[in-house]
Amino acid sequence: MKLFRVYQFLILLSSITASTEVPSYSKAGCEDTCGNVTIPYPFGIGAKCSINKWYVVDCNSSTPYLPALNHLEVLGVSLKNYTVTVYAPMIYDCQNQVQNRSQIISGMDLGRSPFFFSKKQNKFVVEVCATAFISDSIGSTVAGCSTSCRNDTISESNNCFGINCCETTIPHYVKSYKMNFMGLGRQGGEGACGYAFLVDKNSYVEGSFSGQYIATDNGSVPISLLWTLTDNEFNPLSCCNEGYGFRDELDLGNVTLPYHGCYLPSQYDGNPYLFSGCYVKEKCARCRVRGGYCVYLQDNGDDGLKMNCSTNYGPYNNFESKSSQLGVILGVSVSMGLLSLATIIYALYKVIKKTKARRQRKKFFKRNGGLLLKQQEEADPSLVDKAILFTSRELEKATDYFNENRILCRGGQGTVYKGMLVDGRIVAVKKSKVVDESQLEQFINEVVILSQVNHRNVVKLLGCCLETEVPLLVSEFISNGTLYDRIHNGIDEFPISLNMRLQIATEPISLTRFGENRSLATHFMLAMEEGRVMSIFDAMVIREGTRDELMSVANVAMRCLFLNGKNRPTMKEVAVELEAIRMSHAPSVVQPNTGQVIYGEEFATLTYGDSTSTFLSFSNNSGQ
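Residues numbered from 1 in each chain as written. Predicted model: local features only at pLDDT ≥ 70, side-chain atom pairs only at ≥ 80, totals over all residues. Heavy atoms only, no water.

### With respect to the sheet that holds strand E13 (residues 141-146)
Sheets are built from strands paired through backbone hydrogen bonds, the pairs being either parallel or antiparallel.
For step 1, the next point in the chain: Here four strands make up an open sheet; going across it, the order is E9-E15-E12-E13 and the pairing antiparallel. The sheet terminates laterally at strand E9 (108-109) and E13, the two strands that pair on one side only.
For step 2, the next point in the chain: The sheet contact formed by strand E12 (residues 131-135) and E13 spans five bridges and is antiparallel. From the neighbouring strand, Phe133 faces E13, where its bridge partner is Gly144. (Pairing = 2+ DSSP bridges. Helix = DSSP H or I, 4+ residues; strand = E, 2+ residues; numbered from the N terminus.)

So, in structure tokens, the structure goes:
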């Protein structure tokens, strides 16, 4: 029996927890409040949140409106009374024709909407000396009253006793109405006005307003409208998942109209029109856990009801202490269990994520030639020692995870980022766009060779990272621009002479080998074949050097571009030939204002910087 009680408690524990939460009154994904007004389903803020177009609510500047009813302002929605309270224009009539106010006594017509003027929640009020009555759309009198005339002012306490003010109920629900005044101003004199209006009785009793006060400001009064649902709209509703629905008939005077709705039992809170929208009240849930059932009696409390927890053996008393302790213990135990489970799941997620990332890094390292580098290290450790293998985490941290703000330049082959290593060194990190797996062996060889180079005219390659999808190259950061900037953009105070250019070219060649810049090389080879190679030389170089000198340099470059390696000269031979051309060259005085000579329209299309060479493309981009 005790085990059964514990089991029963665990089943209903979720109900206790849920009852302490703030319930949602709208459909999932919809707002349930506009300003200080709660908008429960079947109403909804927006077309997708209501049951049909008549129940759509617009929320403008934290004020709800019903667009289907001429944008009447919504004051509140009652699921218990099946009403929506709105501000509606007040009807009045004055004798004075000069006053700028309408004298047509009109009413309101709810047309084909699912709304009716509520007979239970409204009252008919007449203020100022007059007799007034309300009639329906076919002219039949619905209700009316007459006041006794005095010259006293109307009290703002909204208590009508027949003196200058009267009130009455309406006998049935109406769809539309009109007002009519008789004997207006018998004591009021010239310009006397009569005010008659339907008003929500709770708002009228609790408020401190009068028809005369509101009319002076072209104001409105609160009116309660009964809302109804058709069979097709009501059938899909669950009504607390327990069938708390009803079918009733509206008294329209000569006829009745069936309508449906959901009611909320006393032990529940929430919205019965939503699936799983009802919550057992906290006190009732505790009573059920203890084996009792909830009995509600009339009382003067907030909701007019008082709950007693009873069993088949009478009232369930003197159980608070032990049951409360058991509830606290089980509640804490369940909470700790859920917290521990969440912690374990999160820890497993982190472990799996790290394992997956580690496997991916190993996969990339192997694909990008890491094994080739290991083989070279085993063959000659002195060569590979100078080429630093950076980890992906190091370079991500150095470049702030390759932040866009760290980009130095973009090229056809990749993007260069500025970064700072943990030791404070500023570096340039090149991230290629694609990787050619057939060139991996050449790539690794060039990394090993170029990492040995330490020359003032060559950007030093510090190392690489093979743990990413494409290999990353890391070099020293050049802060004062690139060689291309100095040759073509004129950032130096004095132009670079032909003699100096040959000297710069000779020194790097003696240390390493050229990379192949495919776009520039193709353009150069085509110019040689077509006999217009002079068109691609810099204007200042043409002015300073002879044609024979320039053609000699071009021929050396052409030989270096032979596809067959056996036909290409060695780096030593290239250095010797360029040094010979430089020594035979007699430097001339260079004019500082030298323009660029154009030898054809094709010269304007020449571009630089998109190199596929490991060394040249990197050094050309790293300093920008």
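### Some words on the pattern of salt bridges
For step 1, the next point in the chain: All chains considered together, the criterion is met by seven salt bridges.
For step 2, the next point in the chain: Of the charged contacts, one joins Arg532 and Glu530 as a salt bridge, the two residues approaching to 2.5 Å between their closest N and O atoms.
For step 3, the next point in the chain: Look at Glu530 and you get partly exposed, because its relative accessible area is 47%.
For step 4, the next point in the chain: Close ionic contact of Glu579 with Arg582 constitutes a salt bridge, the shortest N to O distance being 2.8 Å. Here the residue Glu579 and the residue Arg582 both occupy positions in helix H17 (residues 571-584), the gap between them amounting to three residues, near one helical turn. (Salt bridge = Lys/Arg side-chain N within 4 Å of Asp/Glu carboxyl O. Buried < 20%, exposed > 50% of the residue type's maximum accessible area, 1.4 Å probe, protein only.)

### Concerning the sheet that holds strand E6 (residues 72-78)
For step 1, the next point in the chain: Strand order in the open sheet formed by seven strands is E3-E4-E5-E6-E7-E17-E10, with mixed pairing between adjacent strands. Each edge of the open sheet carries a strand with a single partner, namely strand E3 (44-45) and strand E10 (115-117).
For step 2, the next point in the chain: Two elements, E6 and strand E7 (residues 83-89), share four bridges in a ladder whose sense is antiparallel. By the bridge assignment for E7, Val74 is matched with Val86.

### Notes on the pairing of E7
For step 1, the next point in the chain: Taken across its seven residues, E7 has five buried, putting it largely inside the fold.
For step 2, the next point in the chain: Counted between consecutive antiparallel strands, the loop separating E6 from E7 contains four residues, among which Tyr82 sits at a positive phi close to 60°.
For step 3, the next point in the chain: Examined bridge by bridge, E7 and strand E17 (residues 220-227) share seven bridges and lie antiparallel to one another. The residue of E17 that forms the bridge with Thr85 is Ser224.

### Let's talk about the state of the cysteines
Every disulfide links exactly two cysteines, by a covalent bond between their sulfur atoms.
For step 1, the next point in the chain: All told, the structure shown has six disulfides when counted by the stated rule.
For step 2, the next point in the chain: Disulfide partner of Cys284: Cys294, at an S-S distance of 2.0 Å. Between Cys284 and Cys294 the disulfide shows an S-S torsion of about 110°. By sign, it is right-handed. Pair noted here: Cys284 is in helix H6 (residues 282-289) and Cys294 is in strand E22 (residues 293-298), with a separation of 10 residues, a long-range link.
For step 3, the next point in the chain: By relative accessible area, which is 1% here, Cys284 ends up buried. (Disulfide = S-S within 2.5 Å.)

### Some words on a positive patch on the surface
For step 1, the next point in the chain: Taken together, Lys350, Lys353, Lys354, Arg358, Arg359, Lys362 and Arg393 make up a surface patch of like positive charges.
For step 2, the next point in the chain: Mapped onto the fold, Lys354 is located in helix H7 (residues 320-367). (Patch = residues over 30% accessible without salt bridge, like charges linked within 9 Å, V, L, I, M, F, W, Y side chains within 5 Å. Areas by Shrake-Rupley, 256 points an atom, 1.4 Å probe, with all protein chains shown as cover. Lys, Arg positive; Asp, Glu negative; His and termini not counted. Charge placed at Lys NZ, Arg CZ, Asp CG, Glu CD.)

Honestly, that's just the spatial picture; any functional story needs more than this.
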